[in-house]
Every structure is written in structure tokens, then in C-alpha cells.
Amino acid sequence: MTAPTNPAATPEDARLQALHETWSTPPGWRGRLTAVNHSTIGLRFIVTGLAFFLIGGMLSMFIRLQLAWFGNEVLDPQRYAEFVTMHGTTMMFLFAVPIMEGFALYLVPKMIGARDLPFPRLSAFGFWCYLFGGLFLYSSFLFDAVPDSGWFMYVPLTDATWSPGLNADFWLIGVTFSEIAAVAAAVEMIVAILVCRAPGMDLRRIPLFAWAMLVTSFMIVFGFPPLILASILLEIQRAFGFVFFDPALGGDPLLWQHLFWLFGHPEVYIIFLPAAGVVSMVVSTFARRPMVGYTWIVLALVGTGFLSFGLWVHHMFTVGIPLLALALFSAASMAVAIPMGIQVFAWIATLWAGRPWLRVPTLYLFGFFFVFVPGGLTGVMVAMVPFDWQAHDSHFVVAHLHHVLIGGLMFPLFAGLYYWLPLVSGREPSESLSRTAFWLVFLGFNLTFLPMYFTGLLGMPRRAYTYLPELGFHWLNLVSTAAGFVLAVGMVAVLADLVLSLRHGPRARRNPWRAGTLEWAVQHPVPPYTFASVPRVQGRDPLWADPLLADAAARPDGLLGDARHGVRELLGSSLLDARPEQVIRVSGPTWLPLLAALALAVLLACFIAKLYWAVLLLVLPLLALLWRWAWTTGDPGGPDAVEAEPGLVLPTQGAARNAPGWWALVMSLLVDGSLFASLVFSYFYLWLGTEAWPPAGIGVAGWPAAIAALVLLIACAGTAWVATRALQADARGRAAGAWMATVVLGAGFIAAQAWAMAATGAPAVHAYASVAWTLAGFHAVHVLLAMLFATFVAARLRRGLVTAARPLEARVTTALWRYVVGQGVVAWGVLHLFPRLA
């Protein structure tokens, strides 16, 4: 938080002081715990991610010590398996993705000229879920129940038969809990980039880091749900005896691998694309010219995101896939090199055509080029099926994975940390210490992982606890371990350099790199309101196009420069050409995100302790918190329109067609739709693997019950339509009555569906019953959620907070019901029609 401004001496000072008071966070612990500002939340993600990075790195040092020489006993086999699992899990779920989200949360609003993100409470909630999920995972050490089945958690190693303790439960629940942060940040990023850009920043002028985050966020929307579903299915199997993965009862362990890698391979690019966005920003600044091939880079980002979803079998070449499918997935795996190559050529062309400036961020760029290109080429090698059959599960794959992931992320990450450090701290790092740390990292990294290619080719398997001296690769392992410690020293030196520079580094002038993007227009220390006036943009590098823009954005005489309302306001703009369309009123500091995350953490702790009655009881306070959250979102009871600047009156989001809440619903439904599609995929995958579906002894629902359920469900859509029409006519009482009728019909549907499903019998009897009950339960939860939304809107209608002029909540609820009914019709067909066709 910045210091308050002095007493106002001029009207301009008075406006700045009003902005400061409106956007400030309270001092002390209360302020720290209730903060929702994007700068604060972004820095928390970065610092927490670096802390987990150090923990994961320490685990890897123990692993390397164990493998340094044959017959070592630094770790026993059980502890070795635990450290390998926790190292991979930490780096993939608690470091790589969250730290780039932290970059995005801190930088993207500044880059696109927004004061904050449109859902600041959601950002804070995501951070607390991430932190508590990580602590939850590491609390397994206290209970001697550390996950030990690898970060991929393959079944059947992780089912209740082979992992009877709580080890796998800690992994499944902890990782799923922390993934809430990734999904929340993705929804936040998409909505912010689509509707909160500064006037003039049309789609052709969005900074490349923001483009990278937009593509990455869509990948998270579609990529994370399969893993979330797989985790839920496995946890249900472990807790309640369902049999999704039990081949003796119609299940299939390979279903886990399909769902896991549907997430796992896009995850590689979810990590890499933000790093590529950082590279594009740094290359352009230090080449001192606009990026060559901007449009091609954007197309390459989109192409990479699209292709990455066609590669998941790339990790399953040895499980017995038909040869034609292997050929298709092999070709797709090699095709992804095309968009990646486009980006590399564009970066090199920009440096070639510019006047490169060799500073510490540039050193890390060159280190990235040196490391990433060989890593990408070995990716093409393992994309070829015959080679993959030879190298699969060897240390060659370990070397490739670290070259691509660590090399592709770490060097851009450090380049970005050094690049944006003056923006955060107002100081510059020590040039001599920074360069020394770089060479330690560069040499240590290459000498650590290059020998692994040779040990892999010589036959050393991955995840092996030790090896025989006759195999002849102990000297290579010794070199790899020694270099690993050099790398660790280099990383610690980088972090120490960054920390020391925060207090002792030489003071940096404003925009020390003479960059062209909007984040460098922000003053230092960064004001809580970011921009006093929302800037107007004239090019892709606005500060190069208009050198006076930074001063204009610091004066409170432009867009939203008047904080007379005492409410935090953002500017909402149109999707394509970023014209001002609305004023978005957002919430200030609040305890709600922290309390909601805490309630969720306690609920999950009760679940893992098998206190299921307590779980049911804790749902009620959690729902109460979320109800309060929704009720106080934005500015309930505020005006329908406000003056954004003299002569420009804009609607507030409750009355705007393009409101962030609407887009958040659309994105959330995409996440949910991906989850639902993964579940339907599981149903048909299991069906295709069995001879009888349903098997003998399991019945199918009779037509009366099934038809009654379908009629009641469709009737819900009818009453929702009636409610919408009544609100359009401003008949709020009739609209509220129609919404309550929808609630009653929804309850009737759930009862009829339960009646229909009774013929299926117990879910633990066969995989058919397990997946059928799960599908029916999944949809029933959606109906209950939609009923809560309908009740909420009815209450808002009666309080006069939803009107014909402010229909946002009603529009959202109507759309939700349409989605739920549509999803229900598909689920009804799967549950009641397809079994009769089998």
C-alpha cells in the first residue's frame, strides 16, 4: 500500500486524494487479509510460487544425491518415491502455473490500461485456495501420509487396494483445491482482456503477453476439467467404493491416463505460452523496435493452443493404441513444432532488425534460445513412435521434460523478474551479481540435464531408486548431481539478488528500459488506483506512439478521473474495437474470500478424515458466505448510469449488455461444459470396453419415471422464459413468482430422476452403475445450483435490486437454466436412451 497523499492544495490534488482513499487497502493485518487489489494479489502469487519453487528444488537435490552414485542410501525407497512425487507435483501445480498467473494478475491490468480486474474478490479467493491447497498437500508430512505414486498418480497404483492409506487422498484433494486458483484466474483474465481494455486498444494492439495469457486462459478452461474430473472419480472410488477403474467390474485403468493426459499435454503449453509472452515483451524492448511478425505470433499462439489438445496420446504410445491412431497423434505431435518455430524466428528477426541492448534480461533471453531449441528438437524425436518405444520411461524423457519445461519457463521467468523489477520496487538489481548468477544457472542447468540424455540412451529408467555399477552410467550421474548443486546455488543467487535489490539496489528512473507498453506508464510507487485517468491508446506500443501518454494517465482530468462517487470504478469497453461501453463498479477489501476459502479447506479436511456428516453440515455456512458474496457484489442499489468524463454518460454493469458478469457466466459454463463432456466421454469409453452395457442383473429405468423427469426438466425452461418476459414488462412480482415456480419444478425433477435411477441399483456393483449414478448426480447438483440462483433473483426482485433497467442477474440466471436444461437433456439421453441401444 502506498502512503496517503498530502492534504489537497489544488482541485487536481483533491481528485488524486479521493482516488487514493477510494482504492486504498486498510493498514495493518486487517488490510493484508482483506486486500483484493490485483497488484497485491499478483505479488502474493509470485512470492508464494517462488517459495514452493525453493521447496521443490530442495526435494530435487535429495533425489540427485540419491542417484549420484550406485548403491547410495541417502533416501530409502519409500522416501525416494515420496520426494519424486512431491517434487513433480510441486513444480507442476504449485510453482509453474501459479507463478505465471501471478505475473498476469500483476501485469495484465496495467498493460491493457485497466485499474484492476473485474472480479477482485475472485482473484483473492483464488490465491487463498492456492495457498491452502499447497499447505494441505504438504500437511501430509505431518501425518506420515505423503503421496508416493508419482505426480501422474496412475491407477491402479493409487486405488484403495494398492494405496490403502491417505497418501493418494492428500494428493487428489490438495491438487484439486489448488486448481481452483488456476480456473478462477483464467476466467478473470479472459473477461478482463475482452471487456476492460483501454479505449483504442483494439484486438490488433493487445500486448503479446496479454495475448499469450488470453490463449493460455482458454486452454485452462478446456484443459483443467478433465484432470479435475479424474481426481473426483478416483476419490469417489477410494471413498465410496465406486469402480470406474476396476477392470474386474467393467472399469478401465487406462481411463485415468486418457483424462490425465487430456490435461497433461496442454499443461506443457499452459506453462510455456505465458513464458513466450514474456520473451516477446522483453525482445521488443531490448531490440528497441516493434516486434517483427506481430500477427504471425498471435496466430502461432492460437495455433499452439489448438494443436496442444490433439497430443495427449503422445504420452501413451506404449499402452497398446491402434497403429492408425498412433500415426495421427505422432503427426500432430510433430505439427506443433510449426507454430513454435514461427515464434522463434520472429524473436530472432526482431533482434536482427533492431539494435539489441545487452542487459541482464537479454542474457536470460539468449540462455532461453540456447536451451529451448534443443529441448524442442528432442520433443520431435519422442514424437516419433519407434523412438518413443525405445526411450519411453527412460532418463532421456526426464532430460527432455526438464529441458522444455524448466528451460522454457525458468529463463523467461528470470528475464521477466529482472525486466519488471524496477516497476515493482523502483530499484534496479546489481549488474555484477546478476551476471554471475546467470552463468551459474546457465552452466548448472546444461550440465545437470544434458548427461541425462546419455544415461537414458544407455538404458537408465526414470523413477528408479538406484542402479547397478555394471550399467556404466554412474560417472554421468555424478556429473549431473554436482552440476545440480551449481544450478541450485545459481537460483539462490538470483533470488538473493532480487531480494537485496528491493532495498539496496540503485534507484531506477521511470521506465528505465524505455519500453513502449502501458504498464510502464504507471508511476512509482504504483498508486492503488493504477491510472488516475484511463489512458487512450494509439498504437501497439502506446508510449512510443505518444511520449506524453504517461503524464496524461497520471492526471485525474480524463476518463474516470473523478472519484466523487466513492466507489471503485473500471472502464468497460467493446469486444473488438475497445470503445467505452460501461462503467464497472467493483468491490473493495473484504473478509469474504478468505472466509470462503477457509470454510472450503475445513470441509475438505473433514472429507479426508471421513467425517462425511460434518461435510454436509459445513456446506451450509459455505453457501451462506457465497450468498453474502453474491448479494454484495458490485454496487447493489447504485445508479443505472454515471458520467465517465464530461459529456460521456455510460451505463453501469447491471444495466449494460456486455457486462463482465455475463462473460464470467459464459466462461464458467465453458469450464463446466468441458467437465461434463469429460464425464460423457468416460461413460462411452467404458461402454466400448465391455461386452454388455448395462451388464446382466442391472436394470434400466422404466418409461413413466424417465418421461416424468424429462417433462419436469423442460418445464423449468418454460417458467424461466415466463420470468424473463415478466421482467421485460417490469412486472417484478410476476417474475419473482415464476422463478419460485422454477424452483419447485426443479425439486420435482430431482425426485423423478432419483425414482428413475433406482432401477440401476448400487453404484459399486459395476462400472455402468458407477458412471450412471455419477452422471445423474453431476446434473442434479447443477439443478440445485440453478434453484439457488432462481431463489436469489426472486429475492433481489422483491428488494428492487433487479429491474427491467438492471436485468443482469436475471439474464445470468435465465442463461444458466437454459444450460442446465440442455445439459439435462443430453444426460437424460445418455442415461435412458443409449442403454436400450446397447
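These figures come from a predicted structure and were not determined experimentally.

Student: Describe the overall build of the protein chain, listing the residues and the values that go with them.
Tutor: For the protein chain, the helix and strand inventory stands at 25 helices and 4 strands. Taken over the C-alpha trace, the protein chain has a radius of gyration of 28 Å; the compact-globule value for 838 residues is 28 Å, and the two agree within 12%. Taken over 838 residues, the protein chain has a buried fraction of 61%. As displayed, the protein chain has an accessible area near 31400 Å², and 71% of this comes from carbon and sulfur atoms. Charge centroids of the protein chain, computed over 46 positive and 42 negative side chains, lie 9 Å from each other.

Student: So what's going on with the environment of Leu471? Residues and values would help.
Tutor: Inspection of the secondary structure puts Leu471 in the loop between α15 (431-457) and α16 (474-504). A relative accessible area of 43% means that Leu471 is categorised as partly exposed. Sequence-wise, Leu471 and Leu617 are 146 residues apart; in three dimensions their C-alpha atoms are separated by 58 Å.

Student: Run through the packing of aromatic side chains, naming residues and quoting values.
Tutor: Applying the stated criterion across every chain yields a total of 76 aromatic pairs. Ring centres 5.7 Å apart and planes at 85 degrees place the aromatic pair Phe125 and Trp629 in the edge-to-face group. Taken together, the residues span a long stretch of sequence, with Phe125 in helix α5 (residues 120-138) and Trp629 in helix α20 (residues 612-631) at a distance of 504 residues. When sorted by exposure, Phe125 lands in the same class as Trp629, which is buried. On the numbers, 5.3 Å between centres and 65 degrees between planes, the contact of Phe127 with Trp128 is edge-to-face. An identical accessibility class is assigned to Phe127 and Trp128; each is buried. Across from the ring centre of Tyr106, 3.7 Å away, lies the NZ or CZ of Lys110, which sits over that ring.

Student: Provide a residue-level description of the environment of Glu82, including the pertinent values.
Tutor: With respect to the element layout, Glu82 can be found in helix α4 (residues 77-111). In this structure, Glu82 is in contact with Val146, Pro147 and Asp148, ignoring residues within four places of it in sequence. In terms of polar contacts, Glu82 uses its side chain to reach the side chain of Arg79, at 2.7 Å.

Student: Explain the nonpolar core to me, using residue names and the numbers behind them.
Tutor: Ranked by internal contacts, the top residues of the largest apolar core, which has 259 residues, are Phe209, Trp256, Trp347, Phe411 and Trp420. Counting residues per element, this core draws most heavily on helix α8 (residues 254-287), at 22 residues. With residues near it in sequence (within four places) discarded, Phe209 still touches Met100, Phe103, Ala104, Leu107, Val108, Met111, Pro274, Gly277, Val278 and Met281. Counting residues in hydrophobic clusters, the runner-up holds 37 residues, among them Ala735, Val743, Val783 and Ala786.

Student: Before we move on, can you summarise the pattern of salt bridges with the specific residues and values?
Tutor: Any two side chains of opposite charge can pair, given that their charged atoms come close. A complete count under the given rule lists 18 salt bridges for this structure. Its salt-bridge partner being Arg238, residue Asp169 comes within 2.9 Å of it at the nearest N-O pair. Placement of the pair is Asp169 in helix α6 (residues 167-195) and Arg238 in helix α7 (residues 208-240), with a sequence separation of 69 residues. The burial state of Asp169 is the same as that of Arg238; both residues are buried. The salt bridge involving Glu428 is made with Arg359; its shortest N-O contact spans 3.6 Å. Linking Glu428 in the loop between α14 (395-425) and α15 with Arg359 in the loop between α11 (337-353) and α12 (360-383), this pair joins segments that are 69 residues apart in sequence. The burial state of Glu428 is the same as that of Arg359; both residues are buried. Each member of the salt-bridge network shares a partner with another, and the members are Arg359, Glu428, Glu431 and Arg435.

Student: Let's hear about empty space enclosed by the protein: which residues, and what values?
Tutor: The full count for this structure, using the stated rule, is 8 cavities of 30 Å³ or more. What the largest cavity holds in volume is close to 70 Å³. Around the largest cavity sit Met92, Phe93, Val97, Pro98, Glu101, Ser178, Glu179, Ala181, Ala182, Phe224 and Glu267, which together line it. Elements supplying a minimum of two residues to the lining of the largest cavity: α4 and α6. Broken down by element, the lining of the largest cavity gets its largest block of residues, 5 residues, from α4.

Student: Would you mind going over a positive patch on the surface in detail, with residue names and values included?
Tutor: The grouping of Arg288, Arg355, Arg509 and Arg514 at the surface amounts to a positive patch. Relative to the helices and strands, Arg514 is located in the loop between α16 and α17 (542-545).

Student: Which residues make up the side chain of Thr90, and what values do they have?
Tutor: The residue Thr90 is located in helix α4 in this model. Classification of Thr90 as buried rests on a relative accessible area of 0%. Among residues more than four places away in sequence, those in contact with Thr90 are Phe52, Gly56, Phe95 and Tyr138.

Rules of the game
- Residue positions are given per chain, counted from 1 along the sequence in the order it is written.
- In keeping with the model being predicted, local features are shown solely for residues with a pLDDT of at least 70 and side-chain atom pairs are shown and tallied solely at 80 or more, while totals for entire chains, interfaces and linings include all residues.
- Based on all heavy atoms of the structure, the side-chain values leave hydrogens and waters out of the count.
- Strands are runs of DSSP state E lasting at least two residues, helices are runs of H or I lasting at least four, and both sets are numbered from the N terminus onward.
- With C-alpha atoms as the basis for the radius of gyration, the globule rule is written as 2.2 Å multiplied by the number of residues raised to the power 0.38.
- Residue burial is assigned from relative accessible area. The probe radius is 1.4 Å, only protein chains are included, and a residue is buried under 20% of its type maximum, exposed over 50%, and partly exposed in between.
- For accessible areas, the Shrake-Rupley method is used with a probe of radius 1.4 Å. Any residue's cover is judged against the shown protein chains and nothing else.
- In this count, Lys and Arg are taken as positive residues and Asp and Glu as negative ones, while His and the chain termini are left out.
- Charge positions are represented by NZ for Lys, CZ for Arg, CG for Asp and CD for Glu.
- Pairs were defined over the aromatic rings of Phe, Tyr and Trp, the Trp ring being its six-membered one, requiring ring centres within 6.5 Å. Orientation was assigned from the angle between planes: stacked under 30 degrees, edge-to-face over 60, tilted for the rest.
- In this scheme, Lys NZ or Arg CZ marks a charge over a ring once it lies within 6 Å of the ring centre and within 35 degrees of the ring normal.
- In what follows, residue pairs with any heavy atoms lying within 4.5 Å of each other are defined as contacts.
- Any pair of nitrogen or oxygen atoms within 3.5 Å is treated as a polar contact; in protein, a donor-acceptor pairing is required on top of that, and neighbouring residues in sequence qualify only through side-chain atoms on both sides.
- The term nonpolar core refers to a set of buried residues drawn from Ala, Val, Leu, Ile, Met, Phe, Trp, Tyr and Cys, joined through side-chain atoms within 4.5 Å.
- Every case where a carboxyl oxygen of Asp or Glu lies within 4 Å of a side-chain nitrogen of Lys or Arg is listed as a salt bridge.
- A pocket here means an open set of points on a 1 Å grid, computed over the protein atoms alone, that has protein on both sides within 12 Å along at least five of seven lines. A cavity is instead a set of points where a 1.4 Å probe fits but cannot get out; residues with an atom within 4 Å of a point line either one.
- Grid points are joined across faces, edges and corners, and a volume is the space filled by probe spheres set on the points.
- A patch consists of residues exposed above 30% relative accessible area that lack any salt bridge, with like charges linked at up to 9 Å and nonpolar side chains (Val, Leu, Ile, Met, Phe, Trp, Tyr) linked at up to 5 Å.

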